[in-house]
Amino acid sequence: MGAGRYAPSPSGELHVGNLRTAMLAWLFARSSGREFILRIEDLDTARTAAGAEEAQLRDLAAIGLDFDTVSPRQSERLPVYAEALSELRDRGLLYECFCTRRDILDAPRAPHTPPGAYPGTCRHLSEAERAERRQHRPAAWRLATDHETVTVQDTLLGPITGQVDDVVVQRNDGTPAYNLAVVVDDHLTGVDQVVRADDLAFSSPRQAHLRGLLYGAAAADEVQYAHVPLVINGESQRLAKRDGAVTLSRLHDVGLSSERVRDLLLDSLGLPAGPLAGAVDGFDPAALPREPWVFEPPAGA
Ligand SMILES: [Zn+2]
């Protein structure tokens, strides 16, 4: 039996877009007989807000989501990531990068490369050049790729094809990068179903590539992806806290109970109101709406 997961960052309260994605992740896992795992992704300590994790757990429970396992926080798993990084390093798959963000933006690049894509500046430095640069700036570590094209299968989007790039796998403060931590955690906790918002779809080919490098092609192939539509505001922008009453606590303030919010989310997915268990049997990914859901926060309070 595999597992699905929901993996929030504790940067603040969840809004209805986050809650809807979490509900979908739960429904995908439960309807396919998988376990459901919660993982707190707190490596970006600058974004961690006091009390946010507790508030997120409370709100997820309030709309009826339960978890079989709460994974250790990512901040508690640094040795696990370090092991994966040293394996990649030992295999000669990583190289040191001394570039600043500015360096990367200013570097000459081939036509048609997206802005911010890494131009490969540090890949072929000599050992002497690296030694010199280490005097001035700690290195980040990047994955050396051949820019191969990788395709993953998505239940909702179909094939997602992307060219892998020399992503950072360890930041220059020593912290494992997001893509590395996600891949390691998913594999080691048995996650074979990734449900998340579709603005992250672009990262799945590179994560699949990294999973294949670390754990073999079969481990990469077993992952089922479902990138679900975003929730947007009345101006067609991604829903955000500034849009008003979009968190469960603010919705309570304007008179909507947790059950009412749960039912609104279920209705937005074409599913029957009531406890979530009632939506599991009839859950059919093929019948889910493929358009973003427009949420206009109720006025008041
Ligand atoms: Zn560099």
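See the structure above.
Residues numbered from 1 in each chain as written. Predicted model: local features only at pLDDT ≥ 70, side-chain atom pairs only at ≥ 80, totals over all residues. Heavy atoms only, no water.

Asks: Sorry if this is basic, but what is going on with the overall build of the chain here?
Replies: The secondary structure content of the chain amounts to 11 helices and 12 strands. Buried residues in the chain amount to 49% of all 301 residues. Taking as baseline every contact in the chain between residues at least 6 positions apart, the subset at least 24 positions apart corresponds to 76%. For the chain, the exposed surface amounts to about 14,200 Å²; the carbon and sulfur share of it is 51%. Taking the 31 positively charged and 43 negatively charged side chains of the chain as two groups, their mean positions are separated by 4 Å. (Helix = DSSP H or I, 4+ residues; strand = E, 2+ residues; numbered from the N terminus. Buried < 20%, exposed > 50% of the residue type's maximum accessible area, 1.4 Å probe, protein only. Contact = heavy atoms within 4.5 Å. Areas by Shrake-Rupley, 256 points an atom, 1.4 Å probe, with all protein chains shown as cover. Lys, Arg positive; Asp, Glu negative; His and termini not counted. Charge placed at Lys NZ, Arg CZ, Asp CG, Glu CD.)

Asks: I would appreciate a short explanation of the coordination of the zinc ion in the present structure.
Replies: Tetrahedral coordination by four donors places them ideally at 109.5 degrees to one another around the metal; octahedral coordination by six donors ideally gives 90 or 180 degrees. Taken together, Cys-97 (SG), Cys-99 (SG), Tyr-118 (OH) and Cys-122 (SG) make up the protein donors of the zinc ion, found 2.1 to 2.3 Å from the metal. Here the zinc ion is ringed by four donor atoms whose angles at the metal span 100 to 123°, and the overall shape comes out tetrahedral. (Donors = N, O, S within 2.8 Å, 3.2 Å for Na, K, Ca; no water. Tetrahedral: all angles 85-135°; square planar, octahedral: opposite > 155°, others 65-115°.)

Asks: Even after reading the chapter, I still don't get the pairing of strand β7 (residues 158–163), so can you show me in this structure?
Replies: Each regular strand displays side chains that alternate between the two surfaces of the sheet. The sheet contact formed by strand β6 (residues 149–154) and β7 spans six bridges and is antiparallel. Across the sheet, the residue bridging to Gln-153 is Pro-159, located in β7. Remark: three residues form the turn of the hairpin made by β6 and β7, two consecutive strands paired antiparallel. (Pairing = 2+ DSSP bridges.)

Asks: Would you explain the packing of helix α6 (residues 178–188) against helix α7 (residues 204–215) in this entry?
Replies: With their axes 9 Å apart at the nearest point, α6 and α7 run at an angle of 60° to one another. One element, α6, and the other, α7, form an angle in the oblique class. The two elements α6 and α7 cross, and the hand of that crossing is right-handed. Residue-level inspection shows Tyr-178, Asn-179, Leu-180, Val-182, Val-183, Val-184, Asp-186, His-187 and Leu-188 of α6 in contact with α7, the latter providing Arg-206, Gln-207, Leu-210, Arg-211, Leu-214 and Tyr-215. (Axes fitted to C-alpha atoms, helices over the stretch in contact; angles between N-to-C directions. Parallel < 35°, antiparallel > 145°, perpendicular 65-115°, else oblique. Left-handed = near helix turned anticlockwise from the far one by under 90°.)

Asks: Looking at this structure, I do not really get the pattern of salt bridges. What am I missing?
Replies: Side-chain pairs of opposite charge can arise where the charged atoms are in close proximity. What the rule picks out here adds up to 23 salt bridges. Residue Asp-68 pairs with Arg-30 through a salt bridge whose shortest N-O separation is 2.9 Å. Here Asp-68 is found in the loop between α2 (52–62) and β3 (69–70), whereas its partner Arg-30 is found in helix α1 (residues 16–31), with 38 residues between them in sequence. Asp-68 sits in the partly exposed class, given a relative accessible area of 44%. (Salt bridge = Lys/Arg side-chain N within 4 Å of Asp/Glu carboxyl O.)

Asks: Can you help me understand the packing of α1 against helix α10 (residues 258–268) in this one?
Replies: For any two helices packed against each other, one specifies the inter-axial angle together with the distance between the axes. Contact pair α1 / α10: the axes reach a minimum separation of 10 Å and the direction vectors enclose 65°. The pairing of α1 with α10 is recorded here as roughly perpendicular in orientation. In this structure, the crossing between α1 and α10 has a hand that is right-handed. Residues Val-16, Leu-19, Arg-20 and Met-23 of α1 touch α10, and the partners they reach there are Val-261, Arg-262, Leu-265, Leu-266 and Ser-268.

Asks: Sorry if this is basic, but what is going on with the packing of aromatic side chains here?
Replies: The description of an aromatic ring pair uses the distance of the two centres, along with the angle that the planes make with each other. Within the structure shown, the criterion is met by three aromatic pairs. Taking 5.0 Å as the distance between ring centres and 10° as the angle between the ring planes, the aromatic pair formed by Phe-36 and Phe-67 counts as stacked. Here the residue Phe-36 occupies a position in strand β2 (residues 35–38), and Phe-67 occupies one in the loop between α2 and β3, the gap between them amounting to 31 residues. Taking 5.5 Å as the distance between ring centres and 50° as the angle between the ring planes, the aromatic pair formed by Trp-293 and Phe-295 counts as tilted. Across this residue pair, the class does not change: Trp-293 and Phe-295 are buried. (Phe/Tyr/Trp six-rings, centres within 6.5 Å; stacked < 30°, edge-to-face > 60°.)

Asks: What is the right way to look at the sheet that holds strand β5 (residues 140–143) in this model?
Replies: Two orientations exist for strands paired in a sheet by backbone hydrogen bonds: parallel and antiparallel. Taking strand neighbours across the sheet as the criterion, the three strands line up as β4-β5-β8 in an open arrangement whose pairing is antiparallel. Edge positions in the sheet fall to β4 (94–97) and β8 (168–170), since each has one partner strand and no second. The sheet shows a mean angle of 45° between the axes of neighbouring strands, taken without regard to direction. In this sheet, β5 lies alongside β4 in antiparallel orientation, the contact comprising four bridges. By the bridge assignment for β5, Tyr-95 is matched with Arg-142.

Asks: Just to check I follow, could you spell out α10 for this structure?
Replies: Every buried residue belonging to α10 is among Ser-258, Val-261, Arg-262, Asp-263, Leu-265, Leu-266 and Ser-268, and all of these are buried. On its buried side, α10 packs onto α1, α2, α9 (248–253), α11 (277–280) and β12 (293–294). Of the residues one or two after α10, Gly-270 is the one with positive phi, at around 75°.

Asks: Where do I start with the side chain of Arg-142 in this structure?
Replies: Inspection of the secondary structure assignment puts Arg-142 in strand β5. For the buried Arg-142, no salt bridge exists, and the shortest N-O distance to an oppositely charged side chain is 6.7 Å, to Asp-165. A distance of 2.8 Å separates the side chain of Arg-142 from the backbone oxygen of Asp-166, its partner in a polar contact. Look past the residues within four positions of Arg-142 in its chain and what remains in contact with it is Leu-93, Leu-94, Tyr-95, Cys-97, Ile-104, Tyr-118, Asp-166, Val-167, Val-168 and Val-169. (Polar contact = N/O pair within 3.5 Å; in protein donor to acceptor, adjacent residues only side chain to side chain.)

Asks: For this particular structure, what's the right way to read the environment of Val-169?
Replies: Examined against the element boundaries, Val-169 turns out to sit in strand β8. The class of Val-169 is buried, set by a relative accessible area of 0%. In sequence terms Val-169 and Glu-83 are 86 residues apart; their C-alpha atoms lie 12 Å from each other.

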